[in-house]
Amino acid sequence: MDVKTLYTLIAIADRGSFAEAGNTIGLSLSAVSMQMRALEEELGITIFDRSRRPPILTDGGLALTHRARDLIAHWES
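Here the residue numbering is sequential within each chain, running from 1 through the sequence in written order. Only residues with pLDDT of at least 70 are given local features in this predicted model, and only at 80 or more are side-chain atom pairs given and counted; all residues enter the totals for whole chains, interfaces and linings. With hydrogens and water stripped out, all remaining heavy atoms of the structure feed into the side-chain values.

Draft legend 1. Structural view of the overall build of the protein. Secondary structure follows DSSP: runs of H or I at least 4 residues long count as helices, runs of E at least 2 residues long count as strands, and numbering of each begins at the N terminus. For the protein, the count of helices and strands is four helices and two strands. Written out in order from the N terminus, the α and β elements of the protein read α-α-α-β-β-α. Taking 2.2 N^0.38 as the reference for a compact globule, 77 residues should give roughly 11 Å; the C-alpha atoms of the protein span a radius of gyration of 11 Å, in line with that estimate. With the principal axes as the frame, the protein shows a C-alpha extent of 35 × 25 × 20 Å. The buried share among the 77 residues of the protein stands at 32%. Partitioning the intrachain contacts of the protein with sequence separation of at least 6 by distance along the chain shows that 49% fall at a separation of at least 24. Accessible surface area values rest on a Shrake-Rupley calculation with a 1.4 Å probe, where residue burial reflects the displayed protein chains alone. Summed over its atoms, the accessible surface of the protein is roughly 4800 Å², and 54% of this surface lies on carbon and sulfur atoms. We compute the radius of gyration over the C-alpha atoms and compare it with the globule rule, which gives 2.2 Å times the number of residues raised to the power 0.38. Under the scheme applied here, a residue whose accessible area is under 20% of the maximum for its type counts as buried, over 50% as exposed, and between as partly exposed, the area being computed with a 1.4 Å probe on protein chains only. Only heavy atoms matter for contacts: two residues are in contact if any of them lie within 4.5 Å across the pair.

Draft legend 2. Molecular detail of unusual backbone geometry. With an omega dihedral of -5°, the bond running from Arg-53 to Pro-54 counts as a cis peptide bond. As for its placement among the helices and strands, Pro-54 is situated in the loop between strand E1 (48-49) and strand E2 (56-57).

Draft legend 3. Structural view of helix H1 (residues 3-15). For H1, spanning 13 residues, the distance from its first C-alpha to its last is 18 Å, which sits close to the expected 18 Å at 1.5 Å a residue. Those residues of H1 lying buried are Thr-5, Leu-6, Thr-8, Leu-9, Ile-10, Ala-11 and Ile-12. Where the residues of H1 are buried, they touch helix H2 (18-25), helix H3 (29-43), E1, E2 and helix H4 (59-76). Immediately downstream of H1, the backbone of Gly-16 shows phi near 90°, a positive value. A helix's residues, less one, multiplied by 1.5 Å, set its expected span.

Draft legend 4. Looking closely at the environment of Glu-20. Within the secondary structure layout, Glu-20 lies in helix H2. The class of Glu-20 is partly exposed, set by a relative accessible area of 42%. Taking the C-alpha atoms as reference points, Glu-20 and Lys-4, separated by 16 residues in sequence, lie 16 Å from one another.

Draft legend 5. Molecular detail of the nonpolar core. Only buried Ala, Val, Leu, Ile, Met, Phe, Trp, Tyr and Cys residues count toward a nonpolar core, and they belong to the same one when joined by side-chain atoms within 4.5 Å. Of all hydrophobic cores here, the largest spans 15 residues; its most connected members are Leu-9, Ile-12, Phe-18, Met-36, Leu-39, Ile-47 and Phe-48. When residues of this core are traced back to their parent elements, those giving at least two are H1, H2, H3 and H4. For this core, the element with the most residues is H1, which contributes five residues. Every residue in contact with Phe-48, bar those within four places of it in the chain, is listed here: Leu-9, Ile-12, Phe-18, Met-36, Glu-40, Pro-55, Ile-56, Leu-57 and Thr-58.

Coordinates in, geometry out; function isn't part of it.
What follows is the structure, encoded as structure tokens:
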């Protein structure tokens, strides 16, 4: 996991979709999706409920997003 991946996660949470997040941070939809799949595999959790369109954050995904915001705020300071 790297800081770029956390920024991507936060962008998805803020924008509500992988496509909008990608547009905001300058990544393709495919790149955003690949980053999130890799993050889920690395952490061993399901971050998004992909049965819905657009995918929504699971409870674990919401908790991770809150933690990511804290980490990014600390990193930026």
